[in-house]
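# Notes for the structure review
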Amino acid sequence: MSALRAAARALTGTALVGVGVLGYALVEARMPVLRRVDVPVLAPGEEPLTILHLSDLHLTGRTEERVEWVRALAGLHPDAVVNTGDNLSFASGMEPLRRALEPFLGLPGAFVMGDHDYRATAFKLPTRYLRADPRAGDDPQVEARVAELPWREVRDLQASGGWADLCNARGAIAVRGRRIDLVGVDDPHAERDDYPAVPEASASSEAPTPSGPSGPSTPEDSRESTARGRAVRDRAGRPLRIGMTHAPYQRILERMSAEGVDLVLAGHTHGGQLCVPGFGALVTNCDLDRSRASGLSQWPGRPGAPRTADPMHLHVSAGLGTSPYTPVRIACRPEAALLTLVPDA
């Protein structure tokens, strides 16, 4: 009988711990944090620039707290905004997305799309993410029935503010009269990526037309247009180039690194979402190694190793949302990041 009592106490204790962990995970998923990160990619003497990196909002009609938190970030007055996709979970998130992004649409910006800008979130067993490729176990018939999201509205909303659409495209933005060159792909996780051709050497010196709000032409506009041709310089003295992708698959990172991109911005991983304190992320939902599931690292290179001579920096956002079917996070708070591009020491 004493053995039964001991077993019952053990089971009760285990259940209480499980309930406590689940309760905390539900709370942590609603505790967003702003990360501030310095990125040493500029040439000596260049003026620092700030970029607000948003990703993985996963909005629905029941995510009003997230919308208000994002809107409040406008008080940071960033120089530019980038959005690396997965804005929606259901179509009901479209109107909240309009309100979330409204304070930023007058700023220089750029975006790429994620798989959850195109297709609604469907329930899937969490254990699928333990596979080497979580997509391998998906039922094609079930996938075919997943509802399409209003992706054109998601795209047009961001483009309406003058943000550069970098889905398999190149572009540029003008920040305080200086040009930043951009390259991006549509979502590699959904196999929508088609890497844009590298410009011919003879054309590489021609600046892309920077994206930004348009208005009546004035002499000041003319001077600004001339100023937009002056590129921000990277640590090697070349025009700064930023890459964007929703999912940081290695094939995309390798292409961008080979091209000489200075900084790549990505999302998709949710930082692992369920992490083990002291160990980190268990999965990344792509072929990126777990040590780069979120935050700033170098590519190629091993996190924590001495800096390479000319590294490409990679910033992966842990994102602000989750699937509505698994609204939990452990040791991985939802986040936005304010990146400050600074001269390389």
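Remember, it's a predicted structure, so these values are computed and weren't measured experimentally.

## Considerations on the overall build of the protein chain
- In terms of regular secondary structure, the protein chain is built from 8 helices and 14 strands.
- Here the protein chain, with 345 residues, has 48% of them falling under the buried criterion.
- Look at the contacts in the protein chain between residues 6 or more apart in sequence, and 77% of them connect residues 24 or more apart.
- Of the accessible surface of the protein chain, which amounts to about 16200 Å², a share of 56% is contributed by carbon and sulfur atoms.

## Let's talk about helix 3 (residues 94–101)
- The set of residues buried in helix 3 consists of M94, P96, L97, A100 and L101. An end-on view of helix 3 places all buried positions within 155 degrees of arc, on one side of the element.
- Contact partners of the buried residues in helix 3: strand 2 (49–54), helix 2 (64–72), strand 3 (80–83) and helix 6 (151–160).

## Here we look at the nonpolar core
- Of all hydrophobic cores here, the largest spans 54 residues; its most connected members are L54, L97, I180, I242 and L341.
- For this core, the element with the highest residue contribution is strand 14 (residues 335–343), accounting for 5 residues.
- Excluding its chain neighbours within four sequence positions, the residues that come into contact with L341 are V39, V41, L42, P48, L49, I51, L240, I242 and L263.
- Residues Y195, L253, M256 and A266 belong to the second largest nonpolar core, which totals 17 residues.

## Things to note about the sheet that holds strand 13 (residues 312–316)
- Strand order in the open sheet made by the 6 strands is 6-7-8-9-13-12, with mixed pairing throughout. Two strands close off the open sheet at either side, each with one partner strand: strand 6 (169–175) and strand 12 (295–299). Adjacent strand axes in the sheet meet at a mean angle of 25 degrees when their direction is disregarded.
- The pairing of strand 12 with strand 13 spans 5 bridges and is antiparallel. Looking across to strand 13, one finds that Q298 is bridged to H313.

What counts and how
- Residues numbered from 1 in each chain as written.
- Predicted model: local features only at pLDDT ≥ 70, side-chain atom pairs only at ≥ 80, totals over all residues.
- Heavy atoms only, no water.
- Helix = DSSP H or I, 4+ residues; strand = E, 2+ residues; numbered from the N terminus.
- Buried < 20%, exposed > 50% of the residue type's maximum accessible area, 1.4 Å probe, protein only.
- Contact = heavy atoms within 4.5 Å.
- Areas by Shrake-Rupley, 256 points an atom, 1.4 Å probe, with all protein chains shown as cover.
- Arc of directions from axis to C-beta.
- Core = buried A, V, L, I, M, F, W, Y, C linked by side-chain atoms within 4.5 Å.
- Pairing = 2+ DSSP bridges.
- Axes fitted to C-alpha atoms, helices over the stretch in contact; angles between N-to-C directions.

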